[in-house]
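# Breakdown of the fold
Each chain, written out:
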Amino acid sequence: MDISDLITPDRVVAHLKATSKKQALQELARRAAAFTGLHERAIFEVLLERERLGTTGVGHGIAIPHGKLANLDRLYGLFARLDAPIDFDAIDEQPVDLVFLLLAPESAGADHLKALARVSRLLRDRAFCEKLRGSSNGDALYALLTDSPASHAA
Amino acid sequence: MDFGFQWLALGALLILASVFAHLVSRRFGAPILLVFLLLGMLAGEDGPLGIQYDDARNAFLIGSLAVAVILFDGGLRTPMAAIRAAWAPSLSLATVGVILTAGVVAAFLSLVFALDWRVAMLIGSIVAATDAAAVFGLLDQHGIGLPDRLSSTLEVESGANDPMGVFLTVVFVEMLQANQPFLDLMVLAAFVRDMGIGLVIGLLGGYGLAWLVNRIEMTGGLYPILVFAGALLIFSGTQTVHGSGFLAVYVAGIVFGNRRVRALQLIVRFFDGLTWLGQIVLFLLLGLLVTPSQLTEAAPLAISVAIVLIVLARPIAVMLSLAPFGFTLREQLFVSWVGLRGAVPIFLALLPFLADLDPERRYFRVAFVAVLVSLAVQGWTMPFVARRLGLALPPAPEPAPRLDVDLIHALDRDLIAYEVKPHSRATDWPIHDLHLPERTHIVSVLRGDQVLGPESLERLQANDVALVLTPPEHSLAVDRWFSRRFASTATDLPANAGDFVLDGAQPMRELAESYGIAVDKDDLDLSLADAIQKRLGRNVGRGDRARIGPIALIVLDKIGNEIKRVGLMLDPPPEGWRGLLARLRRRGRADS
């Protein structure tokens, strides 16, 4: 599975504005509602539910909120770069400015895990994240995300 | 009149230089022991200072003293939990492993260098003992934590294999002296006698010393001296009655360190300093004793020994002696690689010389070079290897600074003053929700220049000083309430810790639902922590891993016996050779 199977150029947000974790998740849910056709509230609830299990702020300014939704037709990704980093309750207590949202249908099972692992591995590369931070337009971000060698399936 | 003060000054300067060298070596990640050894060589006869030191008998005695102190200190710091988790694999490494290591080196020497097999075995035995102090110093320096069972195994092994190395070396020295052609069953009898006497005296000595310390009232400063003299007596006394003093003093340290003893903090600190001094003196002395210009002659043999030791003998010994204990292949490879040699082999190599078997001190030089190579090659690369094999865990959080107050001895509780750290349990929960261990109470809180009662406070703040009364069995667990909950140093969350960090108290049901993982019906209502313990047993340690369907859960943090944070690994690599290759291939790609 490639990153390009998860995101499209219009699902890359170069300047997301939020001042708190809750607001960021709400904003992500609102945008996801637009392209999945699901209810914003339902998405937000699922993301919150997942955060209770443990934060998805994995350190170094990265967060990968994710969840499963019953009526989704396929996997959806959304990448956002925040203008101002926010407190995300991350494991290293550092503020977060790069967010990758991943939503999966209830039936996705192994595909969900694979996609999530791919995203997690991609964003673990710190040099790569610095490049993401350095570019401020959506197309450049999309190109970076889909071109990295780690974006492609093994 | 000449009182020899200049020698004292010279000694003091050398020790000072070693202390400062320690600062420098941290910056380069150089194994500190290597630095001490090089300093000794620099000061010696071929170096700028040109000190002539050639008294091997004297060096052997001082060396024994230093090794005894280091072993006692090692025992002192080994908690019972580590022994419980790791005694079986450690003992296997320290006995079977040492014999195999010596055997493989000997086989190589007699095949390639056509040495008499007894001489070959002698050299093999000399270089067989490992040194874990070097390993842990380096890991600390790089902020790397190891899985609990692995680090306990390495730690206990390195203490337990010194007595074995000494024993084997003595066996072959005596064999050569008596010119015996073959080993007979007497060796087994000697082994049982030496180790038996060592074990018994060590146990009795440890208990006796603890009893004595608790029994006698005296000035605080004398307790460490009493223990020092006691440990020394246990060591030398056992040697005098032909038992293994090295085993005795190590066992005594373990027993003593795990007893409830008055002034234990003082004693532990004293031995910490003494061990540093012991390491410095030991390595300086051995560095002084060797004549660097003669090392080149021993180099071909010594470097071959070092290479065989690193790539053949240690891995074979580790794989075979750890086979029954369920370590993963990656863990076995790591243990193989960190078989660092320290001072003990060099020190043991003095024995054949003292027994007139080696008048030119060839074995001494061989051991010396082998240790140099091992320290340099394995020591320097170890942090890299730990990361590469995916064994590095985030470091355990640094404990909150604490001051132990020795209360009247009859009282069964300790009074500890803690400096409360930010992001600790104590700051993040209200006082009445802290759930401190049983019979543990916060008696008073110092905030700035105020003294506050705990009942008047809603919650503690960072930098408060909390006075806590606690029974000694909880006194380590209580640390975790006042320390940072996790290391927030911005180091990597290593790949080994998984993709996400979960709260161990959350139910398995949540995990099953969030990730669509099939979980046994009985397990749905268990917490993640309980589900892991159900699979792996109560005694799980950091780094232990439970597979649940396609994912794996990894224990990241424990408070007492309770698992706090759990790593979620989405696509755990298969174990064994196939998994190792997959991991290396993947890492290679990410690096490019």
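Below, the structure is looked at part by part. (Residues numbered from 1 in each chain as written. Chains lettered and ligands numbered in written order. Predicted model: local features only at pLDDT ≥ 70, side-chain atom pairs only at ≥ 80, totals over all residues. Heavy atoms only, no water.)

### Considering helix H1 (residues 5-28) of chain B
Rules: Each helix corresponds to a stretch of at least 4 residues labelled H or I by DSSP, and each strand to a stretch of at least 2 residues labelled E; elements are numbered beginning at the N terminus. Take the residue count of a helix, subtract one, and multiply by 1.5 Å to get its expected span. Categorising residues by exposure relies on relative accessible area from a 1.4 Å probe, with only protein chains included: less than 20% of the type maximum marks a residue as buried, more than 50% marks it as exposed, and the intermediate range marks it as partly exposed.
Relative to the 34 Å expected for 24 residues at 1.5 Å per residue, H1 of chain B spans 35 Å between its end C-alpha atoms, a close match to the ideal helical length. Considered for burial, the residues of H1 of chain B that qualify are Leu 14, Ser 18, Ala 21 and Ser 25 of chain B.

### Here's the deal with a nonpolar patch on the surface
Residue and element names in this part refer to chain B. We apply this condition: For patch detection, residues must exceed 30% relative accessible area and be free of salt bridges, and they are connected within 9 Å for like charges or within 5 Å for nonpolar side chains (Val, Leu, Ile, Met, Phe, Trp, Tyr). Only the protein chains shown count as cover for residues, and all accessible areas are computed by the Shrake-Rupley method using a 1.4 Å probe. Think of a salt bridge as a Lys or Arg side-chain nitrogen and an Asp or Glu carboxyl oxygen that are within 4 Å of each other.
On the surface, a cluster of nonpolar side chains totalling about 760 Å² of accessible area is made up of Leu 13, Leu 16, Phe 20, Leu 23, Val 24, Phe 28 and Trp 380. Broken down by element, the nonpolar patch gets its largest block of residues, six residues, from H1. If you trace the backbone, Leu 13 turns up in helix H1. Leu 13 sits in the exposed class, given a relative accessible area of 52%.

### Some words on the interface of chain B and chain A
Operational definition: Whether two residues are in contact is decided by their heavy atoms, any of which lying within 4.5 Å being enough. Simply put, the buried area is the total loss of 1.4 Å probe accessible area from both parts when two parts are fitted together. By the criterion applied in these results, polar contacts are pairs of N or O atoms within 3.5 Å in which, for protein atoms, one can donate a hydrogen and the other can accept it, and in which residues neighboring in sequence qualify only through two side-chain atoms. Any residue outside Ala, Val, Leu, Ile, Met, Phe, Trp, Tyr, Cys, Pro, Asp, Glu, Lys and Arg is labelled polar, Gly included; the first ten of those are nonpolar and the last four are charged.
Listed as interface residues are 30 residues of chain B and, on the opposing side, 26 residues of chain A. Of the roughly 2,500 Å² buried between chain B and chain A, counting both surfaces, carbon and sulfur atoms make up 54%. At the boundary of chain B and chain A, one finds two salt bridges. Where chain B touches chain A, the interface holds seven residue pairs in polar contact (both at pLDDT 80 or more). For the side of chain B that touches chain A, the secondary-structure elements that each account for two or more residues are strand E6 (500-503), helix H19 (508-515) and helix H21 (576-591) of chain B. At five residues, H19 of chain B tops the list of elements feeding residues into the side of chain B that touches chain A. For the side of chain B that touches chain A, the per-class residue count stands at 13 nonpolar, seven polar and ten charged.

### A word on the packing of helix H8 (residues 186-215) of chain B against helix H10 (residues 245-257) of chain B
Residue and element names in this part refer to chain B. Condition: Between N-to-C directions, angles span 0 to 180 degrees; the directions come from axes that are lines fitted to C-alpha atoms, helices contributing only their stretch in contact. Handedness of each helix crossing follows the sense of rotation of the near helix against the far helix: counterclockwise by less than a right angle gives left-handed, clockwise gives right-handed.
Where H8 meets H10, the axes come as close as 7 Å, and the angle between the chain directions of the two elements is 35 degrees. Handedness of the crossing formed by H8 with H10: right-handed. The residues of H10 that touch H8, namely those facing Met 195, Gly 198, Leu 199, Gly 202, Leu 203, Gly 206, Tyr 207, Leu 209, Ala 210 and Val 213, are Leu 247, Ala 248, Val 251, Ala 252, Val 255 and Phe 256. Of the residues contributing to the contact of H8 with H10, the split by class is 13 nonpolar, three polar and no charged.

### Points about the sheet that holds strand E8 (residues 551-555) of chain B
Residues and elements named next belong to chain B. Defined as follows: Only when DSSP finds a minimum of two bridges between them are two strands counted as paired.
The strand order across the open sheet formed by four strands is E6-E11-E8-E7, and the pairing between neighbours is antiparallel. Looking at the sheet topology across the chains shown, the edges are occupied by E6 and strand E7 (545-548). Sheet twist, expressed as the average angle between the axes of neighbouring strands with direction ignored, equals 30 degrees. Summarising the sheet, E6 and strand E11 (residues 565-569) pair through four bridges and their orientation is antiparallel. Looking at E11, one finds that Asp 503 is bridged to Arg 565.

### Section: the packing of aromatic side chains
What counts, and what does not: Side-chain rings of Phe, Tyr and Trp (the six-membered ring for Trp) are treated as a pair once their centres are within 6.5 Å; stacked means planes under 30 degrees apart, edge-to-face means over 60, and tilted covers the remaining angles. In this scheme, Lys NZ or Arg CZ marks a charge over a ring once it lies within 6 Å of the ring centre and within 35 degrees of the ring normal.
Inspection of the entire model under this criterion finds 13 aromatic pairs over all chains. An angle of 65 degrees between the planes, with centres 6.4 Å apart, marks the rings of Phe 246 of chain B and Phe 347 of chain B as edge-to-face. Pair noted here: Phe 246 of chain B is in helix H10 and Phe 347 of chain B is in helix H14 (residues 343-348), with a separation of 101 residues, a long-range link. Following the ring pairs from residue to residue traces out a cluster consisting of Phe 60, Phe 235, Phe 246 and Phe 347 of chain B. Across the ring face of Phe 35 of chain A, the terminal group of Arg 11 of chain A is positioned such that the distance to the ring centre comes to 4.9 Å.

So, to be careful, I would describe these as geometric facts and stop short of saying anything about function.
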